[in-house]
Structures are given as structure tokens and as C-alpha cells.
Amino acid sequence: MIFCYRAGRIVILTSIFWVTLDIVLLSLYAHSSIFTRQESFEQKLPSFGNNPEPKYRHLLKEKDAPPVKDNNVNLRLGLKNGHVNMSITEGVAVIADKSGGIVRVVPGNSEHGNNKTKGTDKVQVENEGTHLVQNLDVTTMPRIRGQPGENGAPVRTREADAAKVKAGWDHASFNEYVSDLISVERQIPDGRPKLCKTKEYSNRLPKASIIVCFTEESWSTLIRTVHSIINRSPPELVKEIILVDDFSSREYLKENLDKYMEKFPKVTILRLPKREGLIRARLRGTEISQGDVIVFLDSHIECNVGWLEPLLQRIKDDKKNVVAPSIDGIDSNTFGYTPSTGVRGGFAWEMTFKWKPIPPYELTRRKDATWPIRSPTIAGGLFAINKDFFYELGTYDPGLEIWGSENLELSFKVWMCGGSLEILPCSHVGHVFRASQPYKFPMGNIKTFMRNNMRVAEVWMDDYKDIFYAMRPELKGEDFGDISDRVKLRQNLQCHDFKWYLDNIYPELQIPELNIQARGEVRNMGRVGFCMDSMAGSVLGMFPCHGHGQNQMFTYDWKGKIRYNDFCLALSPYQRASGDNIVLADCDSSKVITWTHKKDREIVDSSSEKCLDIGYNYKFLQLRPCSSNPTQKWKWNVYFDREGKAI
């Protein structure tokens, strides 16, 4: 007994000793951190790669480190490799470095009334706190292995289901039958770079209002959208989820939807009394939102693990950062989930959004695969923006109707008026891309889209709008409404001109030759109703004429080249016995063909004197010996004389 008693005393005394030692060491570490914090900042500040391309060197200048949102005085602290900003408020200063590291600085002797600190004041640095990204993926019920679409696998249908598949396509403009087979809480592949899983984020991120607008959306895709937001978002970062019903008529989107969403306290359904369109529906949702950050999402998406924190961190770093997730593809037929590769947003001169490879100067600026990708434009369906900054920019142009070009308006405005657009590789959201919409446009989809394009061009593109009108000459003189308030907004914001945007943000965009022989869709006189089409690839083919431009917009210049965007018609290195295949190639390629053509006549290769014809099964374009075959005759929308006048 005596032995046990003495042994117990020894254990207790030993425990007290070690606890005391821990306290002393922690105290010393805390005090030492005051003197080592600045060095850690210097190590964090990014540096740019060596020897960037001289042409783009001016693009590599990093923006100043953003001050934390504050109405008080900002003090700049000099560092070897850069600087940080310090905002003083009520004796507390907050420092934000360029890489997102945050600390709180408490002045030892500050005059709170006028926010001054003496030069000899000592400061105590307290770490604001960070945490590893929360890779949340919770479910309301266990997942069943082998279910259709699990882990993003494509779903193949049986021939016996053809009628159901067709009905689903007619109803949703995607394979609704397949979507209904898939769990609304399915697992999807994580396409983030590996380093993303080691990223740390501030413990004080702003809260988000997530706005999802829909009209006549399919039940399974809408419910899957909401579940993916809730299941994979840190709940403390979601202020609310606002579903904006843009006057849907389908019964299941009314009482049934209300009852289903009752189990989610943060979900609010806002029902609009008339059809407003995506643009104004988003504005209605923004008006009732309460979060610091607005996150806009489409109604047929799937948020992936760790998607929200990277978006909020970049906006916390600088409220003028407008950020989009990397958009993964969800196949509209099989609902197979494919992680996105390194691309960014651009546009073509007919005012259509384009995905483009990341150019060398941007690759040089980024230190690793997790760094934000600066993007000239964003797709528009999925992005996050500081609510105050959104209002400073005048939100969306309220004169834009339904859908279309709102992403270009916002993109031009953000860059030209002091902000930046970024795509974040550490944030991934899947999206169903569909070729058409299951709803109607009051003025018709083409007319609505073109009217919106005209408003954006007139307000933001200065003299470069002439290129747009040269691409769409039929729009000259068409009504685009009153834009005086948007012009005044641009003046009040003191925005850059469009030339600055092209020089500094999108220097690789080629300025097209405006003095041309013909432009528009190229109709085949033998295959009535069919036009030359890029087929969204490099091999040219034929497709029903749709009047949208885009894949069917070709120009014929006075040098004899037929152009599609940045490419020209060329001879394929892979030929068929039936004829020489025609492809799209770089306009400097030796394979590019010089053509001769007269209105409603043949398009002839000047070198071989063969004619452009429709190839095998009407799918390809080929060179064949000239004949009287009507499939060798072609017609552009508009022809021009040497003075540029339509003839």
C-alpha cells in the first residue's frame, strides 16, 4: 500500500512538471512568433517565373495585396519581395498578404478616435487562424455501390428504352430519362490538382448567398443541384440558398418542390409572378440575399468536394476578384462526369463565348497548378462575386433580355473597371452542357441574343464594335433600346477603353481583316438547307443551316483564304480515295488553300483546280474534279465589293 501511494505521488508530480513545461514552451513560441512573422510573409509572397515572353511582360505584374474590407486608414508595410496592407480599426489592424495568409495586429498604444498609431508603438501579432480545406461529401443516406452513374460513370440505355429517352430529350433538352436513374447524391470524381487538398483557408471567410435560377427545370437535375450544394459545402459558410423560380408552369415545381425543400432550413424559394429571364431573375435573387458574397449557379450542376472555400478566399483577399470554378463536363446524353482540363474563357468577334487554351504568358505567371487562372471572360453560369462590388459595377444591364451576352458584359466591365476575373483550379463544379433550351424566348432566341449582343457592343467595345457589325451586317440599324444609363455608368466608374482590354487582358485575340469578299453562312446549292460547319472540331462537314453564326460563320478574304475564327480551310494530311479532305488549320500552315469563287458558283482550289464538294455520306468536305454537280456550287450570306459595300 505504501509503495502504491508513493508511486501515485510520483506520477502526479511528473504530470504537473510536464504540463508546466508545455505552458512555458507555448508562451515562448507565441512571443517568438512576433519577431518571425514578417519573415514568414516574405517567404509566402509569390515571385514570377524567369524570362517571360517580352511581348507579354507587362501582364505579369501582380496586383497589390488587397486590404481587408474596412472603412478605416490603410498602412503599407514594406517587405523585400513585396508588401502587405494593414488596416487599423479600433486598435486592431488586419494584415493580408498576397498568398492569402492572414494575421491580426493589435497596436500597443493607438489613438482609437482618429485611427493613428505612433511610430514607436509595439504590435502584438495574433494568428487569425487557418484550416485545411474541408473535403465534405455527406449524404442523407448511404450510397449503393453499382448504382447508375456512381463515381460519374456514363449510363448507357437499352434499345427498348428509346421511346422514354426521346421523351426525356423533348422535355429537357438533355437525357432526362438517364438523369432520373441516377441518385441525387451520387459520388463524382475529384478532378482537382493534388496540391489543392493541402491548401489552407482563413477561419474567417465571408458567408455566401447561393442563387440558383430555374424555369421548367427537370426534377432530378434541380434536386441533385441542391443536394450537391448542401452536401459538399461547409454549413457555416452558407448564409442561404435562394431558388428563383422564373415563372415555371410544370406542376412538380410548385407544391411538390415546396414540400421537398422544407427539410432544408437554409433554402428559400422565390417565385416570380411573370417570366423575367435568367438575367433579371438573378437580380431578383440578389435583392433579397443577405450574404457578403453572391454565388450564382445553374440549375443542372453538381458541386464537387472543396468547391466553396477557394472562391470565398479569393474574394476575401480582394473584393474585386470575380471568381469562377473550373467547370467539369456532364454529358447531356449519358451524364458521365469528366473533370475539366486547363482552359480559360475568351470570345469570338461575333460575340460568342469560347473556351481557349491557357496562353504561355499566363502559364509563366502561375507558380503551380493550384494558382488562379486569369481569364478574359467567364462562361457566366457559375461564378462568385462580392455583393457590394456587384452593385458598384451596376449589376447586370437590366436592358438585357432573358439570356445571352450577360457574361461578356460582366467580363468586359470587371476588367475595364478595376476588377479581375479568375478561374480557380481548386474549385470544381460539374455542369450539363446542352445545345438548346427547353423554354421559349418571347422575341425568339436568335433575336433576343443578337439584341443583347448589340447592347454590349455599343456600351463597351468602342470602335471595335465595327468588327462585330462586320460579322453580322444584318444587325446594322436594328433597335437595341436605350443604353444612356449604361454609358453614364461606364463614365462614372472611369473605366479603361476596349483597346486597353485587348492590349492587357486578351492580347492574343486576333483582329480580323474587315475588307473581305464574303461573310456569313455558306449554303450548298445542291444539298438544300445544309451549310458548311466546323463541327466544333478540325474536320469540316455539313449541318442543317441554323442562322446562329458560330460554327457556320465563315469569311472569304481578298487573298483567297476562307477563314473560320483564327483558322483557315486547308488540305488534310489524311486523304480518302474518294477525294481530298478539307480541314481547319493555322492560317500560316503550308496546307492552307487559296481559293477562287464567284457568287453562287464553285469554290475552286487555285493550285489543283479542283472544286469544293460534299464528301462521303454528306458528312465531309472534299476536293473533287470540277463537274456540273450542284453540290459543287456554294453561296455566302453577304458579298462585298472592294470598297466594303454589300452587293
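Before reading on, note that the structure itself is shown above.
Residues numbered from 1 in each chain as written. Predicted model: local features only at pLDDT ≥ 70, side-chain atom pairs only at ≥ 80, totals over all residues. Heavy atoms only, no water.

A. Geometry of the overall build of the chain. Scanning the chain for helices and strands turns up 14 helices and 33 strands. Looking at the 647 residues of the chain, the share that counts as buried comes to 51%. In the chain, once contacts between residues fewer than 6 apart in sequence are set aside, the share between residues at least 24 apart is 71%. When the accessible area of the chain is evaluated, it comes to approximately 31100 Å², of which 54% is carbon and sulfur surface. (Helix = DSSP H or I, 4+ residues; strand = E, 2+ residues; numbered from the N terminus. Buried < 20%, exposed > 50% of the residue type's maximum accessible area, 1.4 Å probe, protein only. Contact = heavy atoms within 4.5 Å. Areas by Shrake-Rupley, 256 points an atom, 1.4 Å probe, with all protein chains shown as cover.)

B. Main features of the pairing of strand β20 (residues 383-386). Neither face of β20 is left uncovered, since the one carrying Phe 383 and Ile 385 and the one carrying Ala 384 and Asn 386 both have all their residues buried. Sheet topology places strand β13 (residues 293-297) next to β20; four bridges connect them, and they run antiparallel. Considered in β20, the bridge of Ile 294 is made with Ile 385. (Pairing = 2+ DSSP bridges.)

C. Main features of the state of the cysteines. Tallying each qualifying case throughout the model produces five disulfides. A sulfur-sulfur distance of 2.0 Å marks the disulfide that ties Cys 531 to Cys 545. An S-S torsion of about 100° defines the bridge between Cys 531 and Cys 545 as right-handed. Within this pair, whereas Cys 531 is found in strand β23 (residues 530-533), its partner Cys 545 is found in the loop between β24 (541-544) and β25 (554-557), the two being separated by 14 residues in sequence. For Cys 531, a relative accessible area of 0% corresponds to the buried category. Here the disulfide map of the chain reads 1-3, 2-4, 5-6, 7-8, 9-10, the bonded cysteines being numbered as they appear in the sequence. (Disulfide = S-S within 2.5 Å.)

D. Spotlight on helix α10 (residues 406-416). With 11 of its 11 residues buried, α10 lies for the most part within the structure. The complete set of buried residues in α10 reads Glu 406, Asn 407, Leu 408, Glu 409, Leu 410, Ser 411, Phe 412, Lys 413, Val 414, Trp 415 and Met 416. At the exit of α10 stands Gly 418, carrying a positive phi of roughly 105°.

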